[in-house]
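Here is what each chain is made of, one letter per residue.
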Amino acid sequence: MSGAGPIDLTDTELFLTGKHTEAFAWLRATEPVYWNHATDGTGFWALTTYSDVLWAYREHALFGSERGAILGGSFRSAEDTAGGRMLVATDLPRHRLLKREIHPALAAPVVARIGATVRELVDRAVERAVAHGGADFATEIATELPAGALMVVMGIGYDDAHHLIRLTRRMVGFQDESFVDTGGEQRLRLAWLQAEIFEFFSDLVATRRRQPGDDLISLLLRAEVNGRRLTEEEIYYNCLNVAVGGNETSSYTACTGLRALIEHPTEYERLLAAPQLLPGAIEEMLRWSSTNAYVQRVAKQDVERGGVRIREGDSVTLWNISANHDETQFPEAHRFDVTRTPNRHLSYGAGIHRCIGAPAAQLELSLLFDRLLATGARFRLAEEPRRLRSNFIMGITRMPLEIV
Ligand code: HEM
């Protein structure tokens, strides 16, 4: 890697071409606390080893979340930020109070209902694919996972759930020309995409005000933090957090997971022969895909790590995708192994912001792969899958399959 010039982790081409694997191996070995220059004279720190990433997740007093999890800060402008309003972009003590209010919307009884809905949708989609001898797994099967989850969590119908998935997919794919017109200023594009989603939530909030239920929106309408109700905008931000948090991640993980099984046929045969290996296989799919490649923090004071001084106010990125391939934690990290143990991957993050939707995602993925294994079918890629242009979410947006 040396001599290849400075590594730029904002370069989506690096991820599209798969060259990030080599770049991260080089960073872990030579510059684990790396300053990534930006063209505008600013920049950010990149932590890439397992121990540094886990350390930063746990040191939430040193590394705050109020600048948002994604590089580039607020989606709109300095005056209109998700910081302190959206769960993922809130620090203690408010974060604890807000998470407590949101938790019932993703707690065990709700997860069980999500399971029942997802099972129905997945059964139908897999049956259809088997009958047709194939399908685009990315758009016809994997998206049924978030659809089922949204139907239950937000209390909406199937068509609305898919409409919302299309909206959030455009937002997460804001750098991808197949989702949005990538001309013009990025910030304005994001603002516009966010406004579209807020409009959807605004209708939903109005409906739930008239007719409350036991869904996330009704819960947020009743919620109080520090004796104060949430504002309308705070409700939108937290609906957005759950929608973006859940829509792309579980379905993209399913795509990358199945692709890994197709490309490692001996691992797939092991699973077919012993489906009881599935829980471990799902952990390996999560590690392998590292769908949420990084999260961003901001240093709240000067801090030293690995002989490098990080200054208060600096942006710091925690690269799950690199930590999950750190050989010191995962021997033979480059091998996809459905029996890997231990497998303490960081795909759901760690510490106070650890994913609140993890139990739902685990169940969604288990139901889907359980169903696929039950068909006894083998799958073949009908064409090269299409990757999402992003350095934040590792997605596959098209994956036509043949069932053999
Ligand atoms: C495979 C699927 C998933 C992956 C890989 C994933 C990944 C993550 C990660 C890495 C974080 C930590 C963010 C940070 O530390 O800044 C997180 C937080 C979060 N996730 Fe997930 N997620 C998944 C599924 C879901 C689902 C299904 C939902 C909701 C239905 C969801 C909602 C959230 C929310 C609301 C947060 C913020 C939690 C907090 O700040 O305390 N996620 N997720």
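Please read all numbers here as calculations on a predicted model, not as lab measurements.

Parameters at a glance
- Residues numbered from 1 in each chain as written.
- Predicted model: local features only at pLDDT ≥ 70, side-chain atom pairs only at ≥ 80, totals over all residues.
- Heavy atoms only, no water.
- Helix = DSSP H or I, 4+ residues; strand = E, 2+ residues; numbered from the N terminus.
- Rg over C-alpha atoms; globule rule 2.2 N^0.38 Å.
- Buried < 20%, exposed > 50% of the residue type's maximum accessible area, 1.4 Å probe, protein only.
- Contact = heavy atoms within 4.5 Å.
- Areas by Shrake-Rupley, 256 points an atom, 1.4 Å probe, with all protein chains shown as cover.
- Pairing = 2+ DSSP bridges.
- Donors = N, O, S within 2.8 Å, 3.2 Å for Na, K, Ca; no water.
- 1 Å grid on protein atoms, 1.4 Å probe; cavity = no way out; pocket = protein on both sides within 12 Å on 5 of 7 lines; lining within 4 Å.
- Points joined across faces, edges and corners; volume = space filled by probe spheres on them.
- Nonpolar A, V, L, I, M, F, W, Y, C, P; charged D, E, K, R; others polar.
- Axes fitted to C-alpha atoms, helices over the stretch in contact; angles between N-to-C directions.
- Parallel < 35°, antiparallel > 145°, perpendicular 65-115°, else oblique.
- Left-handed = near helix turned anticlockwise from the far one by under 90°.
- Phe/Tyr/Trp six-rings, centres within 6.5 Å; stacked < 30°, edge-to-face > 60°.
- Lys NZ or Arg CZ within 6 Å of the ring centre and 35° of its normal.
- Arc of directions from axis to C-beta.
- Polar contact = N/O pair within 3.5 Å; in protein donor to acceptor, adjacent residues only side chain to side chain.

Draft legend 1. Local environment of the overall build of the protein chain. Looking only at helices and strands, the protein chain features 15 helices and 14 strands. Relative to the compact-globule value of 22 Å for 404 residues, the protein chain shows a C-alpha radius of gyration of 21 Å, a close match. Across its three principal axes, the protein chain shows a C-alpha extent of roughly 60 × 60 × 40 Å. The buried share of the protein chain, reckoned over its 404 residues, is 56%. Sequence-distant contacts, at least 24 apart, represent 69% of the contacts inside the protein chain between residues at least 6 apart. If you sum the accessible surface of the protein chain, you get close to 17,100 Å²; carbon and sulfur atoms cover 52% of it.

Draft legend 2. Fine view of the pairing of strand β1 (residues 33-37). In terms of strand pairing, β1 meets strand β2 (residues 43-47) through five bridges, oriented antiparallel. Across the sheet, His 37 pairs through a bridge with Gly 43, a residue of β2. Between the antiparallel neighbours β1 and β2 lie five residues, among them Gly 41 with a positive phi of about 90°.

Draft legend 3. Just the coordination of the iron atom of the ligand, in detail. What the protein offers the iron atom of the ligand as a donor is a single atom, Cys 355 (SG), at 2.3 Å. Of note, Cys 355 is situated in the loop between α14 (320-323) and α15 (358-375).

Draft legend 4. The layout of surface pockets, seen in detail. Put simply, the largest pocket is a space of about 790 Å³. When residues of the lining of the largest pocket are assigned to their parent elements, the largest contribution, four residues, is made by β1. Together, 29 residues line the second largest pocket, and His 20, Thr 21, Trp 288, His 325 and Arg 387 are the ones closest to its centre. When residues of the lining of the second largest pocket are traced back to their parent elements, those giving at least two are α1 (12-16), α2 (20-30), α11 (232-263), α13 (278-289) and α14. No other element matches α2, which puts five residues into the lining of the second largest pocket. Split into classes, the residues belonging to the lining of the second largest pocket amount to 12 nonpolar, 12 polar and five charged.

Draft legend 5. Here's a closer look at the sheet that holds strand β7 (residues 294-299). Strand order across the open sheet formed by five strands is β1-β2-β10-β7-β3, with mixed pairing between neighbours. The two strands at the open ends of the sheet, each matched to only one other strand, are β1 and β3 (63-64). As paired strands, β7 and strand β10 (residues 315-319) are joined by five bridges and run antiparallel to one another. Note that in β10 the partner of Val 295 across the bridge is Leu 318.

Draft legend 6. Layout of the packing of α11 against α15. It is at 10 Å that the axes of α11 and α15 come closest, and there the two elements cross at 40°. The orientation of α11 with respect to α15, classified from their angle, is oblique. Note on packing geometry: the crossing formed by α11 with α15 is right-handed. Along the contact surface, α11 presents Ser 250, Thr 253, Ala 254, Gly 257, Leu 258 and Leu 261, while α15 presents Ala 361, Glu 364, Leu 365, Leu 368, Phe 369 and Leu 372. Within the contact of α11 with α15, the residues separate by chemical class into eight nonpolar, three polar and one charged.

Draft legend 7. The arrangement of the packing of aromatic side chains in detail. Evaluation of the coordinates by the stated rule reveals 13 aromatic pairs. Taking 4.6 Å as the distance between ring centres and 40° as the angle between the ring planes, the aromatic pair formed by Tyr 294 and Trp 319 counts as tilted. Note that Tyr 294 is positioned in strand β7 and Trp 319 in strand β10, a separation of 25 residues in sequence. The exposure classification of Tyr 294 matches that of Trp 319, with both residues buried. Members of the aromatic cluster, each reached through a chain of ring pairs, are Phe 15, Phe 24, Tyr 294, Trp 319 and Phe 392. Geometry around Phe 330 places Arg 287 over its ring, the cationic atom sitting 5.3 Å from the centre.

Draft legend 8. Region of the structure containing α2. Residues of α2 that are buried include every one of His 20, Ala 23, Phe 24, Leu 27 and Arg 28, and no others. Take α2 and look down its axis: the buried residues cluster within an arc of 130°, on one side only. In the core, the buried residues of α2 are packed alongside α1, β1, β10, α14 and β12 (386-387).

Draft legend 9. Up close: the side chain of Asp 52. Within the fold, Asp 52 resides in helix α3 (residues 50-58). Polar contacts involving the side chain of Asp 52 include one to the side chain of Arg 305, which spans 2.8 Å. Not counting chain neighbours up to four residues away, the residues in contact with Asp 52 comprise Pro 32, Val 33, Leu 47 and Arg 305.

Draft legend 10. Molecular detail of the sheet that holds strand β14 (residues 400-403). Ordered in space as β4-β14-β11, the three strands form an open sheet in which the pairing is antiparallel. The open sheet terminates on both sides in strands that have one partner only, identified here as β4 (134-136) and β11 (379-381). Within the sheet, the average angular offset between the axes of one strand and its neighbour, ignoring direction, is 25°.

Draft legend 11. Quick peek at unusual backbone geometry. Cis geometry is found at the peptide bond from Leu 92 to Pro 93, where omega equals 0°. Considering the arrangement of structural elements, one finds Pro 93 in the loop between β3 and α4 (94-102). For the peptide bond that leads from Thr 341 to Pro 342, omega is -5°, which places it in the cis range. The backbone of Asn 226 shows a phi angle near 55°, a positive value even though the residue is not glycine. Mapped onto the fold, Asn 226 is located in the loop between β5 (224-225) and β6 (228-229). Given a relative accessible area of 63%, Asn 226 falls into the exposed group. Phi at Glu 332 is positive, roughly 50°, even though this residue is not glycine. The residue Glu 332 is located in the loop between α14 and α15 in this model.

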